[in-house]
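The lines below spell out each chain.
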Amino acid sequence: MRFVAAFVLLLLTPIAALAQTGPEAEPLVFVQIEAQPSLAEAQARARDYARSLPDVNGFSLGRGWYAIALGPYREEEAARVLQVYRSEGVIARDSYIAQPSDFGQQFWPVGANLLERVTPAPAPMPEPDTAPDVAAPAPAPIPAPAPEPEPEPEPDETLREARASEAQLSREERAALQVALEWAGVYQGAIDAAFGPGTRNAMAVWQRQNGVEATGVLTTRQRAMLLRQYNAVLEGLGLETVRDAQAGIEMRLPLGVVAFDRHEAPFAHYPASGDLPAQVLLISQPGDRATMSALYDILQTLAIVPETGARQLDRDGFTLTGEGSRIVSQTRVWLENGEIKGFTLVWPAGDEERRTRLLAEMEQSFARLPGTLAPLAAPVSAQRMDLVAGLEVRRPKLSRSGFYVDARGAVLTAAEAVAGCGRITLDEIHDATVAHLDADLGIAILRPRETLAPMAFARFQEAAPRLLSPIAVAGYSYEGILGAPSVTFGQISELGGLAGESHLKRLALAAMPGDLGGPVVDAGGAVLGMLVPGAPEGRSLPEGVSFAAGNGALQEVLARGGVTAQTTRETGVLSAEALSDRASAITVLVSCWE
């Protein structure tokens, strides 16, 4: 490169300059070329620069920032270094001349301590004369030295110099300054890299806020200060560029808070590495639009994607935001040339500024490499029904049973199935609302948000049931794990509750909590009642004892809720298989979500 020849004579300059330690020594300075928000990043950058440049040093700046600087040089030589390296594109255009007093402890090269050598040492005290062989008077007390004045800060660029250095900025650098001004709350215009009146006014406002002359033109030092402020929010996240050849993705990731764990198609898993509940997934799989749509649907079932939040599926990609009380997750996916690639960021709720900035950094740095993750024949994680590629599927806080009571999809269920729910679903697909609730009887009527047409709905038996007559209960005994209702057989053991409640019937039947709200049917499949909790609060029932709310109570609740009950007096005896089919056909899973 051309600059190498121009600097052959300068390579010895710092060594010679360091020899000037007397009181007449010319002041030495550095050329600051970069600042990083973490020691690890600064050390890595210093190593990179040292491969091609001489005189690379690293110093602490305080407040978690670390500088990389060249030198030390005499001021005239530092100006030449700055000019030549800038023109060759070897260092950033916002590099500037810095004083030794700007820096703290040196971290690069390891063990070096240039600041002691470039800072003039105090003049040595004169040696006392040899004392005569007579008693000498006591020496006068030496006054304490006056504190040295603080060094004057180096003058900043003049307005003319600031305009000249600004003219050398690239379009990307100018746009980055507008973004930082927007973040600082002083700019509301377009990010167009054009420094018009709006941008100039924003610069002047920022200058006044930071105690410098409001010229409307930022100096090199002020531009660096603005960008440091803008990037301070990312401090401690350990942003590093990760190249995952297996997933075919390269991007910047916050390796200070997450760490790679495993590949499990279609994800590369980066779980939290510390106390911050953060998580990153790299998404990579072959496929077309149908595959991408299926992925879009599957992601929305995961526990890391709360149900609320903006989401949009397009022809060539999708965005998916899940906003919960504890976490916020944001997913970006793109389909190109038969490859589906993207990422998900999971971040604690309430940390909006850091999350927004981090998401922008990740999205802007996202780059596609050849290849995708191949589906694994045997997943690394345990094969469980509630896992998708090692990720927990979102589950409701509880599920109970219910049954359809009209042709438009109204559902009768137990009140406990809908208590304190943020969302209610039927068969985990259709959203529903509570149309009527009778807390005293423990009965609720649900209406689907969209009209449903169930294959069958309840016919209520008007004939009075007899003691010890056979009955069956259809319900989701295991709260939906089996994917279909179970049917449990028993008989009526008492036409009343434990305290003589006329609306209850005691059953000799071993029910489970998931069965509550399910229909109790007679031998011909007509509904006799609904399974409800029957034990007094704080007590448990003996095994094989259950309770049902009778048809009289159920039909009163339906009438108050605006539902006309269908009734029958037909009696008959179906086979166990036919009875199970008829009872299951009207039964629906009712789920309560946070």
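Residues numbered from 1 in each chain as written. Predicted model: local features only at pLDDT ≥ 70, side-chain atom pairs only at ≥ 80, totals over all residues. Heavy atoms only, no water.

Student: Account for the overall build of the protein chain, with residues named and values stated.
Tutor: A count of helical and extended segments in the protein chain gives 13 helices and 31 strands. Buried positions account for 44% of the 594 residues belonging to the protein chain. Per element, the accessible surface of the protein chain, about 30600 Å² overall, is 53% carbon and sulfur. (Helix = DSSP H or I, 4+ residues; strand = E, 2+ residues; numbered from the N terminus. Buried < 20%, exposed > 50% of the residue type's maximum accessible area, 1.4 Å probe, protein only. Areas by Shrake-Rupley, 256 points an atom, 1.4 Å probe, with all protein chains shown as cover.)

Student: Can you break down the pairing of strand β24 (residues 470-475) residue by residue, with the values?
Tutor: The element β24 is extensively covered by neighbouring structure, given that 5 of its 6 residues are classed as buried. With 6 bridges joining them, β24 and strand β25 (residues 486-494) adopt antiparallel strand pairing. Bridging across to β25, Ala474 finds its partner in Val487. Inspection of the sheet shows β24 paired to strand β27 (residues 519-521) by 2 bridges, in the antiparallel sense. What sits directly across from Val473, in β27, is Val520. (Pairing = 2+ DSSP bridges.)

Student: Please set out the pairing of strand β11 (residues 311-314) residue by residue, giving values where relevant.
Tutor: Looking down a regular strand, the side chains alternate between one sheet face and the other. Inspection of the sheet shows β11 paired to strand β12 (residues 317-323) by 4 bridges, in the antiparallel sense. The residue bridging Leu313 from the neighbouring strand is Phe318, located in β12. Linking β11 to β12, which pair antiparallel, is a turn of 2 residues.

Student: Run through the layout of surface pockets, naming residues and quoting values.
Tutor: Computed from the structure, the largest pocket encloses a volume of approximately 1100 Å³. As for the largest pocket, its lining consists of 33 residues, of which Ala35, Leu227, Tyr230, Asn231 and Glu361 are closest to the centre. Those elements that provide at least two residues to the lining of the largest pocket are β1 (28-36), α7 (171-183), α9 (220-231) and α11 (352-365). Of all the elements, α9 adds the most residues to the lining of the largest pocket, at 6 residues. (1 Å grid on protein atoms, 1.4 Å probe; cavity = no way out; pocket = protein on both sides within 12 Å on 5 of 7 lines; lining within 4 Å. Points joined across faces, edges and corners; volume = space filled by probe spheres on them.)

Student: Tell me about the sheet that holds β1, residues and numbers included.
Tutor: Backbone-to-backbone hydrogen bonds pair the strands of a sheet. The strands run either parallel or antiparallel. Read from one edge of the open sheet, 5 strands run β4-β1-β3-β2-β5, paired in antiparallel fashion. Of all the strands in the sheet, just β4 (96-98) and β5 (106-108) have a single pairing partner and so form its edges. Going across the sheet, the axis of each strand differs from the next one's by a mean of 45°, ignoring polarity. Note that β1 and β4 share 3 bridges and pair antiparallel. The residue of β4 that forms the bridge with Val31 is Ile97. Across the face of the sheet, α9 comes into contact with β3 (65-74) and β4 while running at roughly 85° to β4. (Axes fitted to C-alpha atoms, helices over the stretch in contact; angles between N-to-C directions. Contact = heavy atoms within 4.5 Å.)

Student: Please provide a residue-by-residue account of the side chain of Arg332, values included.
Tutor: With respect to the element layout, Arg332 can be found in strand β13 (residues 327-336). Looking at Arg332, the relative accessible area reads 13%, which means it is buried. At 3.5 Å, the side chain of Arg332 and the side chain of Glu363 are in polar contact. (Polar contact = N/O pair within 3.5 Å; in protein donor to acceptor, adjacent residues only side chain to side chain.)

Student: Go over the nonpolar core, please, and point to the residues and values.
Tutor: The tendency in soluble globular proteins is for nonpolar side chains to be buried as a group. Phe403, Val405, Leu412, Phe460 and Leu558 are the most contacted members of the largest nonpolar core, which totals 25 residues. Elements supplying a minimum of two residues to this core: β22 (443-448), β24, β28 (527-532), β29 (545-550), α12 (551-560) and α13 (576-586). When sequence neighbours within four positions are dropped, the list of residues in contact with Leu558 reads Val405, Leu412, Ile445, Phe460, Val563 and Ala565. Counting 22 residues, the second-largest nonpolar core is a separate cluster that includes Leu237, Leu253, Trp347 and Met362. (Core = buried A, V, L, I, M, F, W, Y, C linked by side-chain atoms within 4.5 Å.)

Student: For the side chain of Ser284, give the residues involved together with the corresponding values.
Tutor: Note that Ser284 resides in strand β10 (residues 279-286). From its side chain, Ser284 meets the backbone oxygen of Ala247 in a polar contact 2.7 Å long. At 3.1 Å, the side chain of Ser284 forms a polar contact with the backbone nitrogen of Leu373. For Ser284, the residues in contact, after removing those within four places along its chain, are Ala247, Ile249, Pro266, Ile340, Lys341, Gly371, Thr372 and Leu373.

Student: Any details on helix α8 (residues 197-209)? Residues and values, ideally.
Tutor: Helix length check: α8 (13 residues) gives 18 Å between terminal C-alpha atoms against 18 Å at 1.5 Å per residue, within 8%. By the burial criterion, the buried members of α8 are Thr199, Ala202, Met203, Ala204, Trp206 and Gln207. Gly211 lies just past α8 and shows a positive phi near 70°. (Expected span 1.5 Å × (residues − 1).)

Student: Account for helix α6 (residues 159-167), naming residues and giving values.
Tutor: Every buried residue of α6 is accounted for by Ala162, Ser165 and Glu166. In an axial view of α6, the angular spread of the buried residues amounts to 100°, which keeps them on one side of the axis. Exposed and oriented more than 90 degrees from the buried face of α6 are Arg160 and Ala167. Looking at the packing, one finds that the buried side of α6 touches α7, α8 and α9. (Arc of directions from axis to C-beta.)

Student: Describe in detail a nonpolar patch on the surface, supporting the description with residues and values.
Tutor: Residues Tyr478, Ile481, Leu482 and Met512 make up a contiguous nonpolar surface patch of roughly 430 Å² in combined accessible area. The topology assignment puts Leu482 in the loop between β24 and β25. Taking the relative accessible area as the measure of exposure, Leu482 reaches 56% and is therefore exposed. (Patch = residues over 30% accessible without salt bridge, like charges linked within 9 Å, V, L, I, M, F, W, Y side chains within 5 Å. Salt bridge = Lys/Arg side-chain N within 4 Å of Asp/Glu carboxyl O.)

Student: How would you sum up the environment of Arg400? Please name residues and give values.
Tutor: Note on placement: Arg400 falls in strand β18 (residues 398-404). On the basis of relative accessibility, which here comes to 10%, the residue Arg400 falls in the buried class. In the structure, Arg400 is positioned 188 residues away from Val588 in sequence and 8.8 Å away in space, judged by C-alpha atoms. In this structure the side chain of Arg400 is engaged in a polar contact, spanning 2.7 Å, whose partner is the side chain of Glu416. Looking at Arg400, its side chain comes within polar contact range of the side chain of Glu479, at 3.4 Å.

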